[in-house]
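Structural overview for review
Here is how the chains run, residue by residue.
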Amino acid sequence: MTYSIVTFGCRVNQADSLRIEEELRARDVAEAPAAAADLVIVNTCSVTATADQGARQTIRRIARDNPAARIVVTGCYATRCAGDVAALPNVAAIVGNERKDTLVGDLFDDVPTAARFGGGDGPCGAIEPGVAGRTAFTLRVQTGCEESCAYCIIPSTRGAGRSLPIADVLQAVARAATAGFREIALTGVHLGSYGRDLVPPASLLDLLTALDRSAADVVFRVSSLEPMDCTAGVVALIAASGGRFAPHFHLPLQHASDRVLAAMRRPYTLAYYRRLIDGIAERLPAASIGSDMIAGFPGEADDDFAANLDYLPGSPLTHLHVFPYSDRPGTAASAMRGRVDGGVIRERGRALRAIGAALTRRFRAAQVGTVRPGLTLEDGTLVVTDNYLKVRIPPGLRRNARIAVRIEVDGESMRGVVVRRSGQQNEA
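So, here is what we can say about the structure in this document.

Procedures and definitions
Residues numbered from 1 in each chain as written. Predicted model: local features only at pLDDT ≥ 70, side-chain atom pairs only at ≥ 80, totals over all residues. Heavy atoms only, no water. Axes fitted to C-alpha atoms, helices over the stretch in contact; angles between N-to-C directions. Helix = DSSP H or I, 4+ residues; strand = E, 2+ residues; numbered from the N terminus. Parallel < 35°, antiparallel > 145°, perpendicular 65-115°, else oblique. Left-handed = near helix turned anticlockwise from the far one by under 90°. Contact = heavy atoms within 4.5 Å. Nonpolar A, V, L, I, M, F, W, Y, C, P; charged D, E, K, R; others polar. Salt bridge = Lys/Arg side-chain N within 4 Å of Asp/Glu carboxyl O. Buried < 20%, exposed > 50% of the residue type's maximum accessible area, 1.4 Å probe, protein only. Pairing = 2+ DSSP bridges. Core = buried A, V, L, I, M, F, W, Y, C linked by side-chain atoms within 4.5 Å. Phe/Tyr/Trp six-rings, centres within 6.5 Å; stacked < 30°, edge-to-face > 60°. Expected span 1.5 Å × (residues − 1). Patch = residues over 30% accessible without salt bridge, like charges linked within 9 Å, V, L, I, M, F, W, Y side chains within 5 Å. Areas by Shrake-Rupley, 256 points an atom, 1.4 Å probe, with all protein chains shown as cover. Arc of directions from axis to C-beta.

Between helix α9 (residues 204-213) and helix α10 (residues 232-240), the least distance of the axes is 9 Å, while the angle of their chain directions is 15°. As the angle between them shows, α9 and α10 are arranged roughly parallel. Seen along the crossing, α9 lies across α10 with a hand that is left-handed. For the pair α9 and α10, contact is made by L204, L205, L208 and T209 and by G233, V234 and L237, respectively. Residues that form the contact of α9 with α10 fall into these classes: five nonpolar, two polar and no charged.

Structural data, given as structure tokens:
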């Protein structure tokens, strides 16, 4: 039997798909292209209407190209719109997010993975660097969200916050390190709420402190955090970790107008956000600091949008992800008045993306001449640095080598020279 996994959306879905793949490989199921696989698992996202559409188009294409495939659909779109998904061709099963962790066991009428592998986050020994093009390991330590952002449907598709106990996280990290992974990205639906549901309660800082003290020879990268969850303690730990934690932050602002932030039900102001990232940039001048922005939220007036144009260009942000507002039925924003014209949304999105491109160029230019630690990807000629730059280097190394690279060229493709290497992991 053969399988293929198609993943949409964020790092949380990527981590979920990695876990599913681990379980399939542990059962000696071989990977194959979607057009030839016996089983195709489509892990969907539903954060925007475009994500829903992409999932439908992909399922139809798989059914057309591989009529014999058994298509299993999971993720947020499958959870939110099971009836729509069931009407698509060749869909053999729909697995909601609440059952995603037992998907493979249910398909194979098998005992749960945790029982076979002693708990934790899956049998990491079944995956090694290089499988399916992955070099870093993405570890979901939390899922679910209890925030009430007006535009977001995800709390209704992911449920209440649930955290993996610290001991189980440490066990999963140890397995990943044993399998040869040198970098682990920590992710969650609302990562900053980590531990609030545990008994006794814990916090994200507790988890990061435990990871900092662990014996695993890996670098940790913390994925997206809500601004109110990126505490002074978290920043201080990352800054003082000596490279144990990558100087890479993703802190979604969403809007620079306090009026729009309040309408979005975001629990902070621009002044709060400004203090936060100014403090990070002061303490970690080379840090990558990314953000998300929404263009065209209902009621966004010209002066609201102008607040974005006033704040962003001079901020220490290094890159932006720009999202045109996407109506999600069932959210508070869906019932709001003051819809912004589609043409205006597109124009505002273009303006934000132009600012983001300028911020990225400024950051990249500032890094020319610096030496940064990094990890080789792909065929060994691409490096991702600790501060999340993609740098091309000459051939000679394999994937998954820890190096230090001097950045020498800033252009469409950043280039550099290896100045130190600390060994590499052999992999298939």
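From this point, the narrative continues.
What follows is about the pattern of salt bridges. Applying the stated criterion to the full structure yields 22 salt bridges. Where D52 meets R328, a salt bridge forms, and the shortest distance between an N and an O atom there is 2.9 Å. Residue D52 is found in helix α2 (residues 49-65), and its partner R328 is found in the loop between β12 (319-324) and α14 (342-367); the two are separated by 276 residues along the sequence. One exposure class covers both D52 and R328, and it is buried.

To continue, consider the sheet that holds β12. If you trace the three strands from one edge of the open sheet to the other, you get β10-β11-β12, paired in parallel fashion. Of all the strands in the sheet, the pair left with one neighbour each is β10 (248-250) and β12. If you compare each strand with its neighbour and ignore which way they point, the axes differ by 15° on average.

Our focus in this paragraph is the nonpolar core. One finds F249 and L251 to be the most contacted residues of the largest nonpolar core, which totals 59 residues. When residues of this core are assigned to their parent elements, the largest contribution, five residues, is made by helix α12 (residues 270-283). Formed by 20 residues, the second largest nonpolar core is a distinct cluster that contains C45, I62, V73 and V91.

Looking now at the packing of helix α13 (residues 302-311) against α14. Interhelical geometry of α13 versus α14 gives an angle of 15° and a closest axis separation of 10 Å. It follows from the interaxial angle that α13 and α14 lie roughly parallel. Crossing handedness for the pair α13 and α14: right-handed. Along its contact with α13, which presents D302, F305, N308 and L309, the element α14 presents R348, A351, L352 and I355. Looking at side-chain class alone, the contact of α13 with α14 contains five nonpolar, one polar and two charged residues.

Moving on: the pairing of strand β11 (residues 288-295). Among the eight residues of β11, eight are classified as buried, and the element is accordingly described as predominantly covered. Neither face of β11 is open: one carries S288, G290, D292 and I294, the other I289, S291, M293 and A295, and all of them are buried. Two elements, β10 and β11, share three bridges in a ladder whose sense is parallel. Counted as the bridge partner of H250 is G290 from β11.

Applying the stated rule across the entire model yields five aromatic pairs. For the ring pair Y151 and F297, a centre distance of 6.4 Å and an interplane angle of 85° mean the geometry is edge-to-face. Of this pair, Y151 sits in the loop between β6 (137-143) and α7 (154-158) while F297 sits in the loop between β11 and α13, placing them 146 residues apart in sequence. The exposure class of Y151 is buried, given its relative accessible area of 13%. Its relative accessible area of 0% is what places F297 among the buried residues. Through pairs of rings, three or more aromatic residues link up here, namely Y151, F297 and Y325.

Another point: the environment of A404. Residue position: A404 is located in strand β16 (residues 401-409). As a C-alpha pair, A404 and R420 span 16 residues in sequence and 5.0 Å in three-dimensional space. Discounting residues that sit within four places of it in the chain, A404 has contacts with V371, R372, P373, V417, V418, V419 and R420.

Here we take up helix α1 (residues 11-26). Compared with an ideal rise of 1.5 Å per residue, which puts 16 residues at 22 Å, α1 spans 22 Å between its outermost C-alpha atoms and is within 8% of the ideal. Of all the 16 residues making up α1, 12 are buried; the element is thus mostly covered by neighbouring parts of the structure. For α1, the complete set of buried residues consists of V12, N13, A15, D16, S17, L18, R19, I20, E21, E22, E23 and L24. Positive backbone phi, approximately 65°, marks D28, located one or two places after α1.

Attention now goes to a nonpolar patch on the surface. Nonpolar side chains collect at one region of the surface, where V371, V417 and V419 lie side by side and expose about 190 Å² of accessible area between them. By the element assignment, V371 lies in strand β13 (residues 371-377). The exposure class assigned to V371 is partly exposed, which follows from its relative accessible area of 41%.

What follows concerns α10. Restricting attention to buried positions, one finds in α10 the residues V234, V235, L237 and I238. The buried side chains of α10 occupy one side of the element, clustering within an arc of 165° when seen end-on. Away from the buried face of α10 by more than 90 degrees, exposed residues A232 and A240 are located. Packed against the buried residues of α10 are α9, β9 (219-222), β10 and α12.

Everything listed here is a matter of coordinates, which is why it stays silent on function.
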